[in-house]
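Observations on the model geometry
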Amino acid sequence: MGGPIRATIVGSLPRPGWLAVPGILQAPWKVPADDLPEALDDATRLAVESELAAGLDVVTDGEQRRRHYVWGFLDGIAAVDTAHLAMKPTRGQRFRTEAPVARLIGEPEWPGPMQVDALQHVRALTDRPVKVTLPGPMTLVDSLQDEVGRHSTADLAMVFADLLNREARALAEAGAAVVQFDEPCFNIYLEQARDWGVAALERASAGVGATTGVHICYGYGGSEVTDWKAINRDWSHYEQSLALVARTAIDQVSIETAAVGVDIGVIELLRGKDVLLGLVDVGRETAETPQQVADGLRRALDHVAPDRLFACTDCGLVLRSRAAAAAKMSALVAGAAIVNRELACSAC
Ligand code: ZN
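Quick look at the structure, then. Here the structure is a predicted model, which is why all the values come from computation and not from measurement. (Residues numbered from 1 in each chain as written. Predicted model: local features only at pLDDT ≥ 70, side-chain atom pairs only at ≥ 80, totals over all residues. Heavy atoms only, no water.)

Time to look at the coordination of the zinc ion. Distances from the zinc ion to its protein donors, His215 (NE2), Cys217 (SG) and Cys315 (SG), fall within 2.1 to 2.3 Å. Binding-site remark: the zinc ion is held by donors from one chain whose sequence spacing is H-x1-C-x97-C. Here Cys315 lies in the loop between β10 (309-313) and α10 (322-347) and His215 lies in strand β7 (residues 211-216), a separation of 100 residues in the sequence. Taken as a pair, His215 and Cys315 share a single burial class, namely buried. (Donors = N, O, S within 2.8 Å, 3.2 Å for Na, K, Ca; no water. Helix = DSSP H or I, 4+ residues; strand = E, 2+ residues; numbered from the N terminus. Buried < 20%, exposed > 50% of the residue type's maximum accessible area, 1.4 Å probe, protein only.)

Another aspect to go through is the nonpolar core. Grouped together as the largest cluster of nonpolar side chains are 103 residues, with contacts concentrated most on Leu74 and Phe160. A per-element tally of this core places helix α5 (residues 153-173) first, with 12 residues. The contacts of Phe160, once residues within four sequence positions are left out, are Phe73, Leu74, Ile77, Val80, Leu104, Pro108, Leu140, Val141 and Leu144. (Core = buried A, V, L, I, M, F, W, Y, C linked by side-chain atoms within 4.5 Å. Contact = heavy atoms within 4.5 Å.)

Relative to the elements of secondary structure, Leu276 occurs in strand β9 (residues 274-280). Remark: the alpha-carbon pair of Leu276 and Ile9, spanning 267 residues in sequence, is separated by 8.4 Å. In this structure Leu276 touches Thr8, Lys131, Gln180, Gln252, Val253, Ser254, Ile255, Phe310 and Cys312, once residues within four positions along its chain are discounted.

Further remarks concern the sheet that holds strand β3 (residues 99-109). Judged by pairing direction, the sheet is mixed, and its three strands sit side by side in the order β2-β3-β5 without closing on themselves. With one partner strand each, in any of the chains shown, β2 (78-88) and β5 (144-146) form the two edges of the open sheet. Direction aside, the axes of adjacent strands within the sheet are offset by 40° on average. Relative to β5, β3 is paired through three bridges, and the arrangement is parallel. Pairing of Ala102 across the sheet is with Leu144, part of β5. Packing of α5 onto the sheet brings it into contact with β2, β3 and β5, and relative to β3 it is tilted by some 75°. (Pairing = 2+ DSSP bridges. Axes fitted to C-alpha atoms, helices over the stretch in contact; angles between N-to-C directions.)

Next up, the structure:
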């Protein structure tokens, strides 16, 4: 085992059925509030154990503690209401006309480190490098209804970029190996990403003493998203979004290629950065084979150095069964091992 190509996941894993209803986003907790902290610790330990059992090189907490990847951050922010939601057109209405979003009802403030305790919990479970994920500022403001109206959308993204930056710096100081910002909106609002989204991302990641990453995808593996992917014919978005990110100091970029018609060659735009290549479809239960993963990695090696290449999922695995998630993680590790062996042999 070992070798230059490593394996990891975007972030989330399915939750145990005793914690939340499987297979749906934003599922409410099944556990009474008094028991929730212990239950979240236990679920996190199971998630990390499944990643270690698969053999991932970089692990996450499986995002077990958050009901949604944006609310996980917003829950702690003063003047944001994540309990009484509003309906808002989000994601350019690509997947549906409206979605439930949190409400901004005052001036947002960072209350001090929110995810550091959770990070320490994971670090106590493993010596492997740990990645923590945060929402990117553009995706965050898309998932928020501003009921104060003092800021333009771009200005509000900058306000939240500063709050995200403080959390990201605290996570890095506490030993996070990677801090990743999830910015699916970069593949939706192409003009705004150019005009202010990328500047907000740079502001969120500035001075963070860890490897910084951005995840840009075409959405989770729910039916609304998979239905859209089935009819969509334009997969050119990465040509613009990756070109923007390429000019930043962000160290690594996570993209989706398994479930969509994206040519792996688009990663040529990311020369010099780590590439987390999505080779596992998060929208279906059937696991990829190690050979399928290896095929994708071989194609990528025309455009990225092996020690900058990671076999990865397209997006979070939260909607899959635990068995499917385990099989898909194992396929990533086995596929990377195949190509690492080929690289070792070609060098000897
Ligand atoms: Zn994603």
